[in-house]
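Next come the chains, spelled out residue by residue.
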Amino acid sequence: MEHNFPTAEQLAAALRAGEVTSAELTDEAIARMERDDDAINAICVPDFDRARAAARGADRARARGEDRPLLGIPVTVKESYDIAGLPTTWGMPAHRDHMPAEDAVQVSRLKAAGAVVLGKTNVPVGLQDVQTFNEIYGTTNNPWDHRRTSGGSSGGSAAALASGFGALSIGSDLAGSLRTPAHFCGIYAHKPTLGLAASRGMVAPPGPALPVEHDLAVVGPMARSARDLTLLLDVMAGPDPLTLGAAYHLTLPPARHERLRDFRVLVLDEHPLIPTGSAVRAGVGRVADALADGGARVERHSPLLPDLAEAAVVYTTFLFSGSVAHFPVEAYERLQARAAALSADDRSLDAARLRGMVLSHRDWIAANGLRELHRHGWRRFFSEFDAVVCPITPTPAFPHDHDPDLMARRIDIDGVGYPYFDQLVWAGLATMPGLPATAVPAGRSPEGLPVGVQLIGPMFEDRTPLRLAELLEQTIGGFQAPE
């Protein structure tokens, strides 16, 4: 029996019924990796010996009558998470020998839930790219077309899931790093509400694993089905026991609706600052049609929607504000001079990137004030709507582009080139205000590449877009293995 492509929920049922053992599932997953990963390069740090030992332990635990949420399920972990005894490099050659002494809090939660960790998945350098490649571990290819990227920065995890290397994975998201690889590889991912899941131990080396509250970044689940996202989010969610967890316990609100016809959804496929490619527009259209056919209230416009152009500029400013923290003083001063020469009327994304890189604390406070206004606007919006359906990026997976000058790269949208980082505006729509967003498959492009969309929901109501993702999976289908 082939167990690499069933969902985690299906594998858990088979384990409970005694149809298979965790040891068998783990051996099958490892065999698939050893057979297929040379072409994909998703698994950069295998941990097969400890995985087999953990699987045998899970089988013994089940024989004793134990039953935990992920007991015996093979999973992978993004390389950026600390795992005791394995290197955490973030793809940076200077830290290729960095070996953490303890597990990240999310790795601990996976193990406590009974998961079997097969190894770590590849990342871009410093997690700062929409592609996944680095000098230490090489390039991760898209399982659908090896000439194309699997996305970033959780590209190794997405490629692993699409290839059947484990049933679940955990990643992180600052600029679409969960959602973009899911879109490019045809899987599911969920960017939780900001602060919902503790991130201690997901820290760039050689930094200490402190319980830091991040400004934009989150950690979250990746899977081959919508229901598996919920299963894994329930394991991951909750405050860090070193800080808020000492006083608070998490209780997520239930989904607003259980039936498709009860949802009120705004569908967007155009952004004022970058066009949407035809393949992605078609994917958004397929989801919109499925919603309408299922009886949902579907709108294309709303005066309650916060200004998309302003949101993109604010997001871009925040995103780049931390990118030069360790630049030499001389380089930073050159950036300051360039930013000072910008026209006050220049509200382009290029200007926002430059201003963000030299943002003063005074200016950060002003930008944060705008963010709070947007958050309030979203609260008003979600009093009338339950979700937004929109693109994740403007295109399906694009060919590998390793030009070291990231600002010189271009993204091709239906034959026209645009600045590489402009494609992040759709990811920023949920990231800037800290909203939850679920990436779901939405068909394929004419070239046969996966196309996904994101479902953005109200803050801390993560179960609402997750439930909508389940209903859409039942309606338009979900994950398909690469051909």
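Use the structure listed above.
If you're wondering where the values come from, they're calculated on a predicted model, not measured in any experiment.

### Digging into the overall build of the chain
Each helix and strand in the chain was counted, giving 14 helices and 17 strands. On C-alpha atoms alone, the chain measures out to a radius of gyration of 21 Å, which is about the 23 Å that the 2.2 N^0.38 rule sets for 483 residues. Viewed in the frame of its principal axes, the chain has a C-alpha envelope of about 70 × 55 × 50 Å. In the chain, of all internal contacts separated by at least 6 residues, the share reaching a separation of at least 24 is 76%. Summed over its atoms, the accessible surface of the chain is roughly 18,800 Å², and 53% of this surface lies on carbon and sulfur atoms. With 45 positive and 59 negative side-chain charges, the chain shows a separation of 3 Å between the mean positions of the two kinds.

### Notes on the packing of aromatic side chains
Taken as a whole and judged by the stated rule, the model has ten aromatic pairs. On the numbers, 5.8 Å between centres and 70° between planes, the contact of Phe318 with Trp364 is edge-to-face. Residue Phe318 is located in helix H9 (residues 308-321), and its partner Trp364 is located in helix H12 (residues 361-381); the two are separated by 46 residues in the primary sequence. A residue is classified by how much of its surface remains accessible, and Phe318, at 3% relative accessible area, is buried. A cation over a ring is seen here: Arg409 above Tyr420, with NZ or CZ 4.9 Å from the ring centre.

### Quick notes on the side chain of Thr132
Following the sequence through the fold, Thr132 ends up in the loop between strand S3 (116-121) and strand S4 (133-134). With a relative accessible area of 1%, Thr132 lands in the buried category. Only 2.6 Å separates the side chain of Thr132 from the backbone oxygen of Gly151, close enough to count as a polar contact. A polar contact of 3.4 Å, which involves the side chain of Thr132, links it to the backbone nitrogen of Gly155.

### Some points on the nonpolar core
The nonpolar side chains of a soluble globular protein tend to be buried, and buried together. In terms of nonpolar packing, the biggest core is built from 67 residues, with Leu70, Ile73, Tyr81, Leu291, Val389 and Leu468 touching the most fellow members. Ranked by residue count, the leading element in this core is helix H8 (residues 278-293), at seven residues. Filtering out sequence-adjacent residues up to four positions away, Leu468 remains in contact with Leu260, Phe263, Val265, Leu291, Ala387 and Leu455. With 24 residues, the next largest nonpolar core counts Val130, Leu354, Ala367 and Phe421 among its residues.

### A closer look at the packing of helix H7 (residues 226-236) against helix H14 (residues 463-476)
Where H7 contacts H14, the axes come no closer than 8 Å and their chain directions differ by 155°. For the element pair H7 / H14, the angle class is roughly antiparallel. On the side of H7, the interface is formed by Ala226, Arg227, Leu229, Thr230, Leu233 and Asp234, while H14 contributes Arg463, Leu466, Ala469, Glu470 and Glu473. When its residues are assigned to classes, the contact of H7 with H14 shows five nonpolar, one polar and five charged.

### Quick look at the packing of H9 against H12
Where H9 meets H12, the axes come as close as 10 Å, and the angle between the chain directions of the two elements is 135°. Considering their axes alone, H9 and H12 lie oblique with respect to each other. Here the hand of the crossing between H9 and H12 comes out left-handed. Contacts from Glu310, Ala311, Val314 and Phe318 of H9 reach H12 at Trp364, Ala367, Asn368, Leu370, Arg371 and His374. Split by residue class, the contact of H9 with H12 holds six nonpolar, two polar and two charged.

### A short note on the pattern of salt bridges
Counted under the stated rule, the structure contains 31 salt bridges. Close ionic contact of Glu66 with Arg68 constitutes a salt bridge, the shortest N to O distance being 3.0 Å. A single salt-bridge network, built from bridges that share partners, covers Glu9, Arg227, Glu258, Arg467 and Glu470.

### Digging into helix H2 (residues 22-40)
At Glu34, H2 shows its maximal kink, close to 40°. Listed as buried for H2 are Ser22, Leu25, Thr26, Ala29, Ile30, Arg32, Met33, Asp37 and Ile40. Remark: Asn41 follows H2 within two positions and exhibits a positive phi of approximately 60°.

Calculation rules
Residues numbered from 1 in each chain as written. Predicted model: local features only at pLDDT ≥ 70, side-chain atom pairs only at ≥ 80, totals over all residues. Heavy atoms only, no water. Helix = DSSP H or I, 4+ residues; strand = E, 2+ residues; numbered from the N terminus. Rg over C-alpha atoms; globule rule 2.2 N^0.38 Å. Contact = heavy atoms within 4.5 Å. Areas by Shrake-Rupley, 256 points an atom, 1.4 Å probe, with all protein chains shown as cover. Lys, Arg positive; Asp, Glu negative; His and termini not counted. Charge placed at Lys NZ, Arg CZ, Asp CG, Glu CD. Phe/Tyr/Trp six-rings, centres within 6.5 Å; stacked < 30°, edge-to-face > 60°. Buried < 20%, exposed > 50% of the residue type's maximum accessible area, 1.4 Å probe, protein only. Lys NZ or Arg CZ within 6 Å of the ring centre and 35° of its normal. Polar contact = N/O pair within 3.5 Å; in protein donor to acceptor, adjacent residues only side chain to side chain. Core = buried A, V, L, I, M, F, W, Y, C linked by side-chain atoms within 4.5 Å. Axes fitted to C-alpha atoms, helices over the stretch in contact; angles between N-to-C directions. Parallel < 35°, antiparallel > 145°, perpendicular 65-115°, else oblique. Nonpolar A, V, L, I, M, F, W, Y, C, P; charged D, E, K, R; others polar. Left-handed = near helix turned anticlockwise from the far one by under 90°. Salt bridge = Lys/Arg side-chain N within 4 Å of Asp/Glu carboxyl O. Bend = angle between axes of the 7 residues up to and from the residue.

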